[in-house]
Amino acid sequence: MRYAEAGYDLEIDLTRGNIERVESDPKLAELHLGGQGINAKIIFDRVGPEVKPFSPDNLLIFGTGLLHATPVVGANRTVVNTISPQTGLFAHAVMGGWFGPELKYAGYDRIIIRGKAEDLVYLWINNNKVEIRDARHLRGKGVTETAEIIKKELKEPNAKVAAIGMAGENRVYTASIEHNWSSASRGAGAVMGDKRLKAIAVRGTKDVNIAHPSELWELTMRMRKEIHDSDDVGDWMATDEDDSFHHNNFRWGNVRTKIPDYWSKELEDRWYHLKYDNMDRQIGCYNCPKNCINVLSYPGRKRFGYKCYGKATYHMAAFKELDFSYEILGVAQEYGLDSYSTPQVIAFGIELYDVGILTDKDMPNFPADPGERTWYLLERIVRREGIGDVLANGVYWAARQIGKGAEAYDHNTIKKFEQVPIKLRNFNPTYFLMYATGEKGNITQIEGSFPQDPLPTREEREEFVKDWAAVPDERFKNWFVNWEKRHIISNEASCAIVDWNESMHYIDDATGICAWLSSFNGQFCGYTPYHINSMSHIITLATGIEFDKDKLWKVFRRNRNLVRAINIRRGMRRADERPPADHWEIRDEEREQKLLSDYYKYKGWTMDGIPTKETLDNLGLNYVSEDLMRRGILTDGQDPGGAGSEQ
Ligand code: SF4
């Protein structure tokens, strides 16, 4: 009997209209857990480096986490993986809500989609009954409108729907897949649109077997109360009315302008009223007692939702106020546009116009007001009209397509992807490594277990580490207690901290646990319900597979190296692992390169960032090392940096 897993994948070939229910290999859960781990294995095996993102051979995989549909609280993140048209690399997109658990209740661990439909279709998964249905009547419809229409025509109000909007249909690189005001972006929406798949609707009413049900139930009920009662977990930024952090520290416009004293009490009061006067409700995700998503009903707009920094991106890019974001979010979300990268693309276009690289010929009747300009470009990007067709490819590609010096204004992308709009003064070793080597597009997908900054006094730091249950070992406590200045920290500590930060994200992405209860949360106060010391027992109770901390860490390393191998095979190398030149004012090239070399060595990678044969073989990834050797990327025994294989 399979525990915690459904044991079946859905293989959908949209070209042939073929649907297959395929039993999955039971050994994979022990090796990769689920979610992104198994998705990466499938993409490595089946999507070679010659496959272009918009090829019918590219796969789009919706993966449930191993702990979805178990009683484990907050296990609801669905991971969507593919090859991204923006980066040409493995795309990692993740959405909360209800989709993954519902899919597992329908009897599937993942949906693997290949091919391209002739015209727009949607997928209807109702337990054993799976259909590819005509979606031509949904062309151009918004994401929530699409979900409403589909549920109505299926007469299934409880179906969970993930849909693309006009942006995805038009293969805009910043298109997202939207579900319940949670979205999966970073290239996934564009690939879904390329496959002409408008939406997936799922209804599942089956059971999922648990290996040790009563023990798991007792443990999770205890944790549920703890999570419910704690103010330290969940997206506290969604409910905290003081958003001085983003507004005073993040950059406005095309990531140029800092307004350090922007926030004021008067502003906070005004925005508080604007929010609660228009607030419909605050909602949470499947099996979680927190309510992190603000759902707003703004006059003349479809309802929209936001968390964390999501409310600020548009008005900060356009130098406007919160009401501007409310105006635009109700439209942009329906279009299925990612609200992190899209505003940056728009601000980039505005800046190019202001400096004369783009002209009235490119942008006829371009308005003077930055808000109207934002609307102007948004409407063209989503339709790929005029200059919008160029900007729809994201800042990196648009800059190269436009030329005439536009590349100089692309100053906030790494590996061709827009980053969070931050520019700082002092070089930060741990953040340098995370920005440089992360392969998930965004710093929030790698940071989070170790605090971003030291606490001011030694006493406070000692207090912080006293009950720090999440640390992998005592070294982290010592490093934190002795850490006085953000930029002064040893290479040894930096490597270990980044590795730890990354480990928890990879485990979350494989189990489906929300990062706000795990990998992203520990940095704020040390407390997080899920951590490297607690996870293995929970996984064992759910699956019946014996896990301990070391075995779990090895799964992280296996999944991590698999993702890296996919990208290495696609040409990613050391030269790509550079934060933008102006990310920190004060840089030290020698230190950066030494740090990168030390980190590669720590990870068991060559000095070009390629996992060594020894590293791969020790993780049971012999087929990966053989593939890299066959392609001439690795040679037998290659270990030019003296990299070890086990940490
Ligand atoms: S903590 Fe918030 S974002 Fe995470 S699962 Fe719970 S409700 Fe969703």
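Criteria and cut-off values
- Residues numbered from 1 in each chain as written.
- Predicted model: local features only at pLDDT ≥ 70, side-chain atom pairs only at ≥ 80, totals over all residues.
- Heavy atoms only, no water.
- UniProt positions renumbered as here; feature names shortened; annotations may be inferred.
- Buried < 20%, exposed > 50% of the residue type's maximum accessible area, 1.4 Å probe, protein only.
- Helix = DSSP H or I, 4+ residues; strand = E, 2+ residues; numbered from the N terminus.
- Pairing = 2+ DSSP bridges.
- Domains from an automatic or database assignment.
- Contact = heavy atoms within 4.5 Å.
- Buried area = accessible area lost by both parts, 1.4 Å probe.
- Salt bridge = Lys/Arg side-chain N within 4 Å of Asp/Glu carboxyl O.
- Phe/Tyr/Trp six-rings, centres within 6.5 Å; stacked < 30°, edge-to-face > 60°.
- Lys NZ or Arg CZ within 6 Å of the ring centre and 35° of its normal.
- 1 Å grid on protein atoms, 1.4 Å probe; cavity = no way out; pocket = protein on both sides within 12 Å on 5 of 7 lines; lining within 4 Å.
- Points joined across faces, edges and corners; volume = space filled by probe spheres on them.
- Nonpolar A, V, L, I, M, F, W, Y, C, P; charged D, E, K, R; others polar.
- Axes fitted to C-alpha atoms, helices over the stretch in contact; angles between N-to-C directions.
- Expected span 1.5 Å × (residues − 1).

The chain carries the name Putative benzoate-degrading protein BamD in an unreviewed UniProt entry, which gives Clostridia bacterium enrichment culture clone BF as its organism. As its UniProt record puts it under Sequence similarities (unreviewed entry), the chain is described as follows: "Belongs to the AOR/FOR family."

A.B. asks: Can you tell me about the pairing of strand β3 (residues 60-63), naming the residues and giving the values?
C.D. replies: Taking every second residue as pointing to the same face, both faces of β3 are buried, with Leu60 and Phe62 on one and Ile61 and Gly63 on the other. Sheet analysis places β3 next to strand β6 (residues 110-114), joined by four bridges and oriented antiparallel. What sits directly across from Phe62, in β6, is Ile111. Pairing analysis gives three bridges linking β3 to strand β4 (residues 78-83), with the strands arranged antiparallel. Residue Phe62 lies in a different strand from β4, and its bridge partner there is Val80.

A.B. asks: Account for the domain arrangement of the chain, naming residues and giving values.
C.D. replies: If you check the domain split of the chain, you get domain 1 (8-203), domain 2 (231-418) and domain 3 (424-630). Using C-alpha coordinates to define each centre, domain 2 is positioned 29 Å away from domain 3. At the junction of the two partners, domain 2 supplies 16 residues and domain 3 supplies 21 residues. A buried area of about 1,400 Å², summed over both sides, lies between domain 2 and domain 3, and 62% of it is on carbon and sulfur atoms. Considering only the side of domain 2, the residues that lose the most area to domain 3 are Val233, Ile414 and Lys415, jointly responsible for 39% of the buried surface there. Taken together, domain 2 and domain 3 are joined by one salt bridge. The residue Glu577 makes a salt bridge to Lys415 at a minimum N-O spacing of 2.7 Å.

A.B. asks: Lay out the packing of aromatic side chains in plain terms, naming residues and giving numbers.
C.D. replies: Under the defined criterion, the tally for this structure stands at 42 aromatic pairs. Counting every residue linked through ring pairs, the aromatic cluster contains Phe450, Phe464, Trp468, Phe476, Trp479, Phe480, Trp483 and Trp500. Note that Arg21 overlies the ring of Tyr8, its terminal NZ or CZ placed 3.7 Å from the centroid. Sitting above the plane of the Phe54 ring, Arg171 keeps its charged end 4.1 Å from the centroid.

A.B. asks: I'd like a description of empty space enclosed by the protein, backed by residues and values.
C.D. replies: Using the criterion set out here, one finds eight cavities of 30 Å³ or more in the structure. Here the largest cavity is characterised by a volume of approximately 270 Å³. As for the largest cavity, its lining consists of 25 residues, and the residues nearest its centre are Gly438, Glu439, Lys440, Gly441 and Asn442. Tallied by class, the residues present in the lining of the largest cavity amount to 10 nonpolar, 10 polar and five charged.

A.B. asks: With reference to specific residues and values, describe the sheet that holds strand β15 (residues 304-306).
C.D. replies: Strand order in this open sheet of three strands is β13-β14-β15, and the pairing throughout is antiparallel. Each edge of the sheet is formed by a strand with only one pairing partner; in this case those strands are β13 (279-283) and β15. Averaged over all neighbouring strand pairs, the angle between strand axes comes to 25°, with direction disregarded. As judged from the four bridges shared by β13 and strand β14 (residues 293-296), these two strands associate in the antiparallel manner. Residue pairing for β14: Ile283 is matched across the bridge by Ile293. Across the sheet, helix α10 (residues 265-278) touches β13, β14 and β15, and the angle it forms with β13 is around 85°. Contacts from helix α12 (residues 322-335) reach β14 and β15, with the element oriented near 110° to β15.

A.B. asks: Describe the side chain of Asp13, with residues and values.
C.D. replies: Considering the arrangement of structural elements, one finds Asp13 in strand β1 (residues 8-13). What makes Asp13 buried here is its relative accessible area of 7%. Here Asp13 is in contact with Asn18, Arg114 and Gly115, once residues within four sequence places are set aside.

A.B. asks: Which residues make up the sheet that holds strand β5 (residues 90-95), and what values do they have?
C.D. replies: Strand order across the open sheet formed by six strands is β2-β1-β6-β3-β4-β5, with mixed pairing between neighbours. Of all the strands in the sheet, the pair left with one neighbour each is β2 (18-23) and β5. Direction aside, the axes of adjacent strands within the sheet are offset by 15° on average.

A.B. asks: I'd like a rundown of unusual backbone geometry, residues and numbers included.
C.D. replies: Not every positive phi belongs to a glycine, and Asn127 is a case in point at roughly 50°. Within the secondary structure layout, Asn127 lies in the loop between β7 (121-126) and β8 (129-134). The class for Asn127 is buried, based on a relative accessible area of 17%. The phi angle at Cys308 is positive, at roughly 45°, despite the residue not being glycine. Turning to its location among the elements, Cys308 is positioned in the loop between β15 and α11 (313-317).

A.B. asks: Tell me about helix α24 (residues 589-603), residues and numbers included.
C.D. replies: With 15 residues, α24 should reach 21 Å at 1.5 Å per residue; the first-to-last C-alpha distance of 21 Å fits that figure. The inward-facing, buried residues of α24 contact α17 (429-437), α20 (491-511), α23 (549-569) and α25 (613-618). Positive phi appears at Gly604, one or two residues downstream of α24, with a value of about 80°.

A.B. asks: Describe the layout of surface pockets, listing the residues and the values that go with them.
C.D. replies: Empty space within the second largest pocket amounts to approximately 560 Å³. In this structure, the second largest pocket is lined by 22 residues; those nearest its centre are Thr144, Lys151, Asn180, Trp181 and Arg303. If you list the elements that add at least two residues to the lining of the second largest pocket, you get α4 (143-154), β9 (160-163), β10 (177-179), β13 and α12. Tallying contributions element by element places α4 first for the lining of the second largest pocket, with five residues. For the lining of the second largest pocket, the per-class residue count stands at eight nonpolar, six polar and eight charged.

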